[in-house]
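Survey of secondary and tertiary structure
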Amino acid sequence: MAKVLVLYYSSYGHIEKMAAAVAEGVRDAGAEVTIKRVPELVPEEIARKSGMKVDQAAPIATVAELPDYDAIIFGTPTRFGNMASQMRNFLDQTGGLWMSGALIGKVGSVFASTATQHGGQETTITSFHTTLLHQGMVIVGCPYSETRQMTMDEITGGSPYGATTLAAGDGSRQPSENELAIARFQGKHVAQIAAKLAAR
């Protein structure tokens, strides 16, 4: 049985919801899944004043545990077309894993959230891939066999790079059922590939 970590950062809960959907997909594939998040860098008092979601149940991950998994599916909101600084800070602490090659051959995948339709969903995911390639990870996206990403009768996230959601500028829009379905597909797809690689 493949072991999959869904590792995310979420400011306002959108990526947290997507992470839960990704994890459902992993379970559907018969894999073992763990959901964790990276540490918050914003002081709690400021986070509360900013309306950030400070009651997330997922435990905090450590860099040292990453090699324990066959696949890691990362979730991040977008900050100016890139991953959030909280995720970047966590990944910047993985130099020891890079030196030892601990993540080489593991599966890596990414899902994201933006405020707007053209707010950097694809650049966030593809720029995230650079770090995964440096770690020697095998990148898995969301192929077009997941046809819901081609939906044209509603505004929706989702691309061959990974599941995405649109939060609106004020965070009022929640992930749609279409977006959550794409996230579930991505989780299942990643878990299936991780199981094949782990069996080799």
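Note that the coordinates shown come from a computational prediction; the quantities given were computed from them, not determined experimentally.

**A closer look at the UniProt feature "binding site: substrate" (unreviewed entry) in the protein**
Taking the UniProt record as the reference, the feature "binding site: substrate" (unreviewed entry) is found at Trp98. Structurally, the position occupied by Trp98 is in helix α4 (residues 95–100).

**Re the UniProt feature "binding site: FMN" (unreviewed entry) in the protein**
In the numbering used here, UniProt assigns the "binding site: FMN" (unreviewed entry) feature to Ser10, Ser11, Tyr12, Gly13, His14, Ile15, Thr78, Arg79, Phe80 and His134. Spatially, the listed residues are scattered: they cover 125 residues, and their C-alpha atoms lie as much as 29.6 Å apart. Its location among the elements puts Ile15 in helix α1 (residues 14–28). Aside from chain neighbours lying at most four places away, what touches Ile15 is Tyr8, Tyr9, Ser10, Gly75, Thr76, Pro77, Phe111, Ala112 and Ser113. Here Phe80 lies in the loop between β3 (71–79) and β4 (82–83). Its relative accessible area of 86% is what places Phe80 among the exposed residues.

**Thoughts on unusual backbone geometry**
If you check the backbone angles, Phe80 has positive phi at about 55° while not being a glycine. Look at Ala168: it is not a glycine, yet its phi comes out positive at around 75°. Relative to the helices and strands, Ala168 is located in the loop between β7 (164–166) and α6 (177–198). Judged by relative accessible area, which is 23%, Ala168 ranks as partly exposed.

**Here's the deal with empty space enclosed by the protein**
Sizing a probe to match a water molecule and rolling it over the atoms shows the empty space that remains. Applying the stated criterion to the full structure yields one cavity of 30 Å³ or more. Volume-wise, the largest cavity comes out at about 40 Å³. In terms of lining residues, the largest cavity is bounded by Leu66, Phe74, Leu91, Thr94, Leu103, Thr131, Leu132, Gln135 and Met137. Here the lining of the largest cavity is built from residues that sort into six nonpolar, three polar and no charged.

**Points about the pairing of strand β2 (residues 32–37)**
On a regular strand, each side chain points to the face opposite its neighbour's, so the side chains alternate between the two faces of the sheet. Two strands pair when backbone bridges link them, and strand β1 (residues 3–8) and β2 are joined in this way by six bridges, in the parallel orientation. The residue of β2 that forms the bridge with Tyr8 is Arg37. Remark: the β1/α1/β2 crossover connection has right-handed handedness.

**Observations regarding the pattern of salt bridges**
Under the counting rule described, the total for this entry stands at 10 salt bridges. The residue Lys36 makes a salt bridge to Glu65 at a minimum N-O spacing of 2.9 Å. Taken together, the positions of Lys36 in strand β2 and Glu65 in the loop between α2 (44–49) and β3 put the pair 29 residues apart, joining distant regions of the chain. You'll find Lys36 and Glu65 in the same group, each marked buried. Where Arg184 meets Glu177, a salt bridge forms, and the shortest distance between an N and an O atom there is 2.3 Å. Salt bridges here are not isolated pairs; linked through shared partners, they connect Glu16, Lys53 and Asp55.

Scoring rules and cut-offs
Throughout this document, residue positions are counted from 1 along each chain, in the order its sequence is written. In keeping with the predicted nature of the model, local features appear solely for residues at pLDDT of at least 70, side-chain atom pairs appear and are counted solely at 80 or more, and the whole-chain, interface and lining totals rest on all residues. Water and hydrogen atoms were dropped before computing side-chain values, which therefore reflect all heavy atoms in the structure. UniProt positions are given in the numbering used here, feature names are shortened, and annotations may be inferred rather than shown by experiment. The way it works is that DSSP assigns letters per residue, a run of H or I at least four long becomes a helix, a run of E at least two long becomes a strand, and they are numbered from the N terminus. Any two residues whose heavy atoms approach within 4.5 Å at even a single point are treated as in contact. Exposure is judged per residue with a 1.4 Å probe applied to protein chains only, and the accessible area is read against the type maximum: over 50% gives exposed, under 20% gives buried, and values in between give partly exposed. Using a grid of 1 Å spacing that covers the protein atoms alone, one calls a set of points a cavity when a 1.4 Å probe fits there but cannot get out, and a pocket when the set is open and has protein on both sides within 12 Å along at least five of seven lines; lining residues are those with an atom within 4 Å of a point. Grid points are joined across faces, edges and corners, and a volume is the space filled by probe spheres set on the points. Polarity classes work like this: nonpolar for Ala, Val, Leu, Ile, Met, Phe, Trp, Tyr, Cys and Pro, charged for Asp, Glu, Lys and Arg, and polar for all others, with Gly in that last group. By the convention used here, strands pair only if DSSP detects at least 2 bridges between them. By convention, orient the strands away from the viewer: a clockwise path from the first strand over the helix to the second makes the crossover right-handed. Salt bridges are defined by distance alone: a side-chain nitrogen of Lys or Arg within 4 Å of a carboxyl oxygen of Asp or Glu.

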